[in-house]
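Residues per chain, in single letters:
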Amino acid sequence: MPEAGWRGDGPGEIIVCPNGPLLVRGDVDLVDADGAPVERRRATVAVCRCGASAIKPWCDGSHKLMPRDEP
Ligand code: FES
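Residues numbered from 1 in each chain as written. Predicted model: local features only at pLDDT ≥ 70, side-chain atom pairs only at ≥ 80, totals over all residues. Heavy atoms only, no water.

The chain is annotated in an unreviewed UniProt entry as CDGSH-type Zn-finger protein of Microcella alkalica.

Pasting the structure below:
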């Protein structure tokens, strides 16, 4: 099933979600800090960027509980 916003061709894309994860779609290699591949099991994955996830490097929704600087 095609994903909303994803063209399904060409390079992958990384979408920065406001106050949330990075959505990685398509042909994008993920590696850890040592350069080792990070296995993906889905075409689109949500990478935590808040540091609060219990399942790093993936987002588990914990960012919703983080205090925000914005009103
Ligand atoms: S961005 Fe969602 S838990 Fe960190």
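(A) Seen up close, unusual backbone geometry. A cis geometry characterises the amide bond from lysine 56 onward to proline 57, with omega recorded as 15°. Inspection of the secondary structure puts proline 57 in the segment after β3 (44-47). (Helix = DSSP H or I, 4+ residues; strand = E, 2+ residues; numbered from the N terminus.)

(B) Focus on the pattern of salt bridges. One pass over the full model with this rule turns up 2 salt bridges. Of the charged contacts in the structure, one is a salt bridge between arginine 25 and glutamate 13, with a shortest N-O distance of 3.7 Å. With arginine 25 in strand β2 (residues 22-25) and glutamate 13 in strand β1 (residues 13-16), the pair connects residues that are 12 residues apart, well separated along the chain. Each of the two residues, arginine 25 as well as glutamate 13, counts as buried. Between glutamate 39 and arginine 41 there is a salt bridge; the shortest N-O distance is 3.4 Å. Per residue, the accessibility class of glutamate 39 equals that of arginine 41, and both read exposed. (Salt bridge = Lys/Arg side-chain N within 4 Å of Asp/Glu carboxyl O. Buried < 20%, exposed > 50% of the residue type's maximum accessible area, 1.4 Å probe, protein only.)

(C) Representation of the sheet that holds β2 in the model. Here we have 3 strands laid out as an open sheet, ordered β1-β2-β3, and antiparallel in their pairing. On the outer flanks of this sheet lie β1 and β3, each paired with one strand and no other. Across this sheet, the average inter-strand angle for adjacent strands is 20°, counted without regard to direction. (Pairing = 2+ DSSP bridges. Axes fitted to C-alpha atoms, helices over the stretch in contact; angles between N-to-C directions.)

(D) Region of interest: the nonpolar core. Counting 5 residues, the largest nonpolar core consists of Val24, Val28, Leu30, Val45 and Val47. Sequence-distant contacts of valine 28, defined by excluding residues within four places in its chain, comprise Gly12, Glu13, Ile14 and Arg40. (Core = buried A, V, L, I, M, F, W, Y, C linked by side-chain atoms within 4.5 Å. Contact = heavy atoms within 4.5 Å.)

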